[in-house]
Amino acid sequence: MLKGHLDMIVLAALSAGPAHGYAVIEEIKRRSGGAFDLPEGTVYPVLHRLEQAGLLAGRWVTAASGRRRRVYAITRRGRRELGERRAVWEQFSEAIGSLFKGSRPWQNPA
Amino acid sequence: MAEPSVISEYVDRLARALDFDPSLARRLRREVEDHLREAVAANPAGDRLEAERRAVASFGDPRAIAAQFAVVSLAKRARRVGIAAILVIAVVFLAMKARLAWYVVMECATGQMGALGDIVVSIDRFAFWLAVLVGIAGWVYIDSLRTPAVFTPEYRAQLGRFVLLCLAATGALIASVVSDGVLTSLRLSGPRWSVDVVIPIISMAIEVVSAVGLVVSVRGMTRQTASTARAAFRWHS
């Protein structure tokens, strides 16, 4: 189930500000309280795919360690996409919540 | 002697698994190496090799990661083919217009093209505008597709439709270039050989090379689609 929502999760993690791949994964772990502990390598194809789609913009920077690293930032189009996905998700979540709340035995099973 | 590095071995394996896209392999090698060294620095418990092994284990199987990147790489290539088709059609159009302008400037004797010439001109026009319309349709179609996380049968079918559009545009363009070749031969059949014929011949060569380039480009994408499908099937079965 998580795989189908990886794009939204990554966009949400980057909505706070630009970050490199490792920081994105740490942010996902932190914000989900450790619930989303993904194989780290699965996040990179998502970052590249979102960059290709114009939802993220990547650039190379030099880290304090002297290593070159790629930093990703959410674009305006990415924020719009995240907003749309969030609205769909909230609607879905509300509908499922209502279904659970309404669980009671059938009055007339026949 | 240099110390063995689990990270270096891992990024080597990942780069080999990404051999279908050398520029992606180079970029990802650097990106993943930075990630793994950052992970080791953040969690340095135990000795260095042990910390590197933990970082690599958390990253996942390089073949699984490469299988996901194969789809990203294929989508990028398909978009490039869509753009290439439009550019090639534009180049053919410019070459054609340059040749016609040259005939006017040089006041070339056009020769007797007759009824055959009229038929070929009609075929040329129809084929060229067909290539333009289908090429634009293909470019718009591929640009509208969302790249999936994994190679699905649905995505394969969508790429198949794009390839069909590309083949139709390429076929029409080839018909147009062949018609141009026939028309150029008819025009130049009368006059003697001189520098006047150099521009028409060069412009025809540009048209032919562009059309061949498009064929090679579509063929390359078709092959990459097949190899990605095979890799996805191997990995998921």
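About the criteria used
Residues numbered from 1 in each chain as written. Chains lettered and ligands numbered in written order. Predicted model: local features only at pLDDT ≥ 70, side-chain atom pairs only at ≥ 80, totals over all residues. Heavy atoms only, no water. Helix = DSSP H or I, 4+ residues; strand = E, 2+ residues; numbered from the N terminus. Buried < 20%, exposed > 50% of the residue type's maximum accessible area, 1.4 Å probe, protein only. Contact = heavy atoms within 4.5 Å. Areas by Shrake-Rupley, 256 points an atom, 1.4 Å probe, with all protein chains shown as cover. Lys, Arg positive; Asp, Glu negative; His and termini not counted. Charge placed at Lys NZ, Arg CZ, Asp CG, Glu CD. Salt bridge = Lys/Arg side-chain N within 4 Å of Asp/Glu carboxyl O. Core = buried A, V, L, I, M, F, W, Y, C linked by side-chain atoms within 4.5 Å. Axes fitted to C-alpha atoms, helices over the stretch in contact; angles between N-to-C directions. Parallel < 35°, antiparallel > 145°, perpendicular 65-115°, else oblique. Left-handed = near helix turned anticlockwise from the far one by under 90°. Nonpolar A, V, L, I, M, F, W, Y, C, P; charged D, E, K, R; others polar. Pairing = 2+ DSSP bridges.

Draft legend 1. Molecular detail of the overall build of chain B. Across its full length, chain B holds seven helices and zero strands. Counting helices and strands in the order they occur from the N terminus, chain B gives α-α-α-α-α-α-α. With respect to the three principal axes, the spread of C-alpha positions in chain B is 90 × 40 × 25 Å. Relative to its 237 residues, chain B shows a buried fraction of 43%. In chain B, 82% of the contacts between residues at least 6 apart in sequence involve partners at least 24 apart. Roughly 12700 Å² of accessible area belongs to chain B as shown, and the carbon and sulfur atoms make up 66% of that amount. Placing the 27 positive and 21 negative side-chain charges of chain B at their respective mean positions leaves the two points 4 Å apart.

Draft legend 2. Representation of the pattern of salt bridges in the model. Inspection of the entire model under this criterion finds 26 salt bridges over all chains. For the salt bridge of A:Glu27 with A:Arg31, the shortest nitrogen-to-oxygen distance reads 2.9 Å. Highlighted residues: A:Glu27 and A:Arg31, both in helix H2 (residues 21–31), separated by four residues, approximately one helical turn. Classification of A:Glu27 by relative accessible area gives buried; the value is 17%. B:Glu52 is paired through a salt bridge with B:Arg37; the nearest N and O atoms lie 3.6 Å apart. Note that B:Glu52 is positioned in helix H3 (residues 48–59) and B:Arg37 in helix H2 (residues 22–42), a separation of 15 residues in sequence. The class for B:Glu52 is buried, based on a relative accessible area of 2%. Residue classification places B:Arg37 among the partly exposed positions, given a relative accessible area of 25%.

Draft legend 3. Molecular detail of the nonpolar core. By size, the foremost hydrophobic cluster in this structure holds 44 residues, and its most contacted members are A:Val10 and B:Leu36. Counting only elements with at least two residues in this core, the list comes to helix H1 (6–14), H2, helix H3 (43–52) and strand E3 (68–74) of chain A together with helix H1 (6–17), H2, H3 and helix H4 (62–106) of chain B. Sequence-distant contacts of A:Val10, that is, excluding residues within four places in its chain, are made with A:Val24, A:Ile28, A:Val43, A:Val46, A:Leu47 and A:Leu50. Membership of the second largest hydrophobic core comes to 31 residues, among which are B:Val92, B:Phe162, B:Ala172 and B:Met204.

Draft legend 4. Up close: the packing of H2(A) against H3(A). Residues and elements named next belong to chain A. The contact between H2 and H3 brings their axes to 10 Å, and the two run at 110 degrees. Viewed along their axes, H2 and H3 adopt a mutual orientation that is roughly perpendicular. Viewed along their axes, H2 and H3 form a crossing whose handedness is right-handed. On H3, the residues that touch Gly21, Tyr22, Val24 and Ile25 of H2 are Val43, Tyr44 and Leu47.

Draft legend 5. Region of the structure containing the side chain of A:Glu40. By the element assignment, A:Glu40 lies in the loop between H2 and H3. Apart from the residues within four sequence positions on either side, A:Glu40 is in contact with A:Ile25, A:Lys29, B:His35, B:Ser58 and B:Phe59.

Draft legend 6. Highlighting the packing of H3(A) against H2(B). Packing of H3(A) against H2(B) leaves a shortest axis separation of 12 Å and a crossing angle of 130 degrees. As far as their axial angle goes, H2(B) and H3(A) are oblique. In the packing of H3(A) onto H2(B), the handedness of the crossing is right-handed. Taken together, the residues of H2(B) that come into contact with H3(A) (itself represented by A:Tyr44, A:His48 and A:Glu51) are B:Leu24, B:Arg27, B:Leu28, B:Glu31 and B:His35. Its residues placed into classes, the contact of H3(A) with H2(B) shows three nonpolar, two polar and three charged.

Draft legend 7. A look at the sheet that holds E3(A). Residues and elements named next belong to chain A. With respect to topology, three strands assemble into an open sheet ordered E1-E3-E2, the strand pairing being antiparallel. Looking at strand neighbours, the two that pair on one side only are strand E1 (19–20) and strand E2 (56–62), the edges of this open sheet. Pairing between E2 and E3: seven bridges, direction antiparallel. Looking across to E3, one finds that leucine 56 is bridged to isoleucine 74.

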